[in-house]
Amino acid sequence: MSTEPAQRTPLVVSTREELRDEQMRWALAGSLEAGDEPGRRAVVMTMGALHEGHLELVRRARAEAGPAGQVVVTIFVNPLQFGAGEDLDKYPRDLDGDVAKLAEVGADVVFAPTPDVVYPDGDPVVRVSAGRVGEVLEGASRPGHLDGVLTVVLKLMHLVRPDVALFGEKDAQQLLAVRRMVRDLEVSVEVVGVPTVREADGLALSSRNAYLSPEERERALALSRALRAGAAAADRGAAGVINDAREVLDGADGVVVDYLALVDPVTVDAVTDDFSGPALLLVAARVGSTRLIDNQAVEVSPEVQR
Ligand code: PAF
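Residues numbered from 1 in each chain as written. Predicted model: local features only at pLDDT ≥ 70, side-chain atom pairs only at ≥ 80, totals over all residues. Heavy atoms only, no water.

Draft legend 1. Examining the overall build of the protein chain more closely. A tally of helices and strands in the protein chain yields 9 helices and 9 strands. In summary, the protein chain has a C-alpha radius of gyration of 20 Å against a globular reference of 19 Å for 306 residues, a match within 12%. In terms of overall dimensions, the protein chain has a C-alpha envelope of 70 × 45 × 45 Å along the principal axes. Expressed as a percentage of the 306 residues in the protein chain, the buried residues total 51%. For the protein chain, the computed accessible surface area is about 14,800 Å², with 52% contributed by carbon and sulfur atoms. (Helix = DSSP H or I, 4+ residues; strand = E, 2+ residues; numbered from the N terminus. Rg over C-alpha atoms; globule rule 2.2 N^0.38 Å. Buried < 20%, exposed > 50% of the residue type's maximum accessible area, 1.4 Å probe, protein only. Areas by Shrake-Rupley, 256 points an atom, 1.4 Å probe, with all protein chains shown as cover.)

Draft legend 2. Focus on the nonpolar core. Core analysis: the largest hydrophobic core is formed by 46 residues, its most contacted members being F111, V153, M157, F167 and V178. Residue assignment for this core shows that the elements contributing at least two residues are β2 (41-46), β4 (109-111), α4 (115-118), α6 (145-160), β5 (164-168), α7 (172-184), β7 (255-263) and β8 (277-287). In terms of residue count, α6 provides more of this core than any other element does, 10 residues in total. Once residues within four sequence positions are removed from consideration, V178 is found in contact with L150, V153, M157, F167 and V191. Residues A245, V255, A279 and V287 belong to the second largest nonpolar core, which totals 27 residues. (Core = buried A, V, L, I, M, F, W, Y, C linked by side-chain atoms within 4.5 Å. Contact = heavy atoms within 4.5 Å.)

Draft legend 3. Structural context of the packing of aromatic side chains. If you walk through the whole model with that rule in mind, you get 2 aromatic pairs. Where F76 meets Y119, the ring centres are 6.1 Å apart and the plane angle is 55°; that geometry is what we call tilted. With F76 in the loop between β3 (70-75) and α3 (95-102) and Y119 in the loop between α4 and α5 (138-141), this residue pair connects regions lying 43 residues apart in the sequence. On the basis of relative accessibility, which here comes to 4%, the residue F76 falls in the buried class. You can call Y119 buried: its relative accessible area is 7%. For the ring pair F82 and Y91, a centre distance of 5.9 Å and an interplane angle of 80° mean the geometry is edge-to-face. Of the two residues examined, F82 and Y91, each falls in the buried class. (Phe/Tyr/Trp six-rings, centres within 6.5 Å; stacked < 30°, edge-to-face > 60°.)

Worth remembering: the numbers are spatial, not functional.
Structure (C-alpha cells):
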C-alpha cells in the first residue's frame, strides 16, 4: 500500500497577491473548522527541476505541517545566487513536470514567481550578508553565492510566512547559513534539516546531476566514495579522515577537486588535528563542466598512538 498522501494537484500561484489570497483563504478555513488541531504552514524552497531529494523534503514538510496544515513549495531560480559564467541560463526548468511530482507528495501550494515579482525594484540594494560563513568553502569558490541565497530565503520567508522551513542537508553550508541567519536576525521560523537522498550507488541527488554524461556520472561516484572512506577513518583522528578521503579523490580520473574539508558543523571552521567530536566532511569537485558538492557527518575520535 502506498504511504503517499492522496494525490491532489497543488494550487499554482505566481504573484504576491495570489499567494496572500490563498493564505487568507487557508487561515479562514482553519478558523471555521473548530475542534481540529491547528495546522502549521511549512515551506520547502527550491529552484525547481525537482528530484526525489526535494520530494522527501515535501513529505517531511507534510508531516511537520500536520493534516490541517499548509505545505507551500517555492520554485524560483534566484539570479542573485549565481555568479558570472555560472549556469543561471541553462539551469533546468520544468514547472509542469515539477507540479505533477508535487501532486503525489502532499504539497498544497506552489509559489512560482518570476524575478520581477521577487525583485520588483530590480537587484536589491540592501542584502543579507552570510558574513564569515559565506566567505569560506562554497563562499570562497562562489563569492556572494550565500549572500544571494540568504537574501532570497529571507524574502521568501516574509512572503510565505511559514512556521517551519525545511532544507536539505546536502547543501550543508547553506543550511548552516540559514540557521545562523534565523538565529542572528531573530526570524520567527523553525528550521529543519532533512538528510541527503542518495542513489543506490551513493551519488547524492542533485538537479545538476542532469548535466552529467553516463561516464561523468560514474566518475562523480568518487565524491561519495571519498566521504565514506573519510568517515571510516574517524577513529584515526581528523588527519586520518582527510587523508583517506583525499586518497580516493587523488585516485579518481576526471574529478577536479575544489575543496575537501573537515569542519566544525556550527562555525564551518576547519578542525585541528587534535579535534574530537562531531564534524562535517565536505567536498566540492568539478566533473566535466559540472560542479558537484556532497558532505557527510563524521564523529571524530582523537588519533590513538599505536
Ligand atoms: O537550495 C536551493 O535550491 C536554493 O539555494 C534555495 C534555498 C531555493 C534558494 O534559492
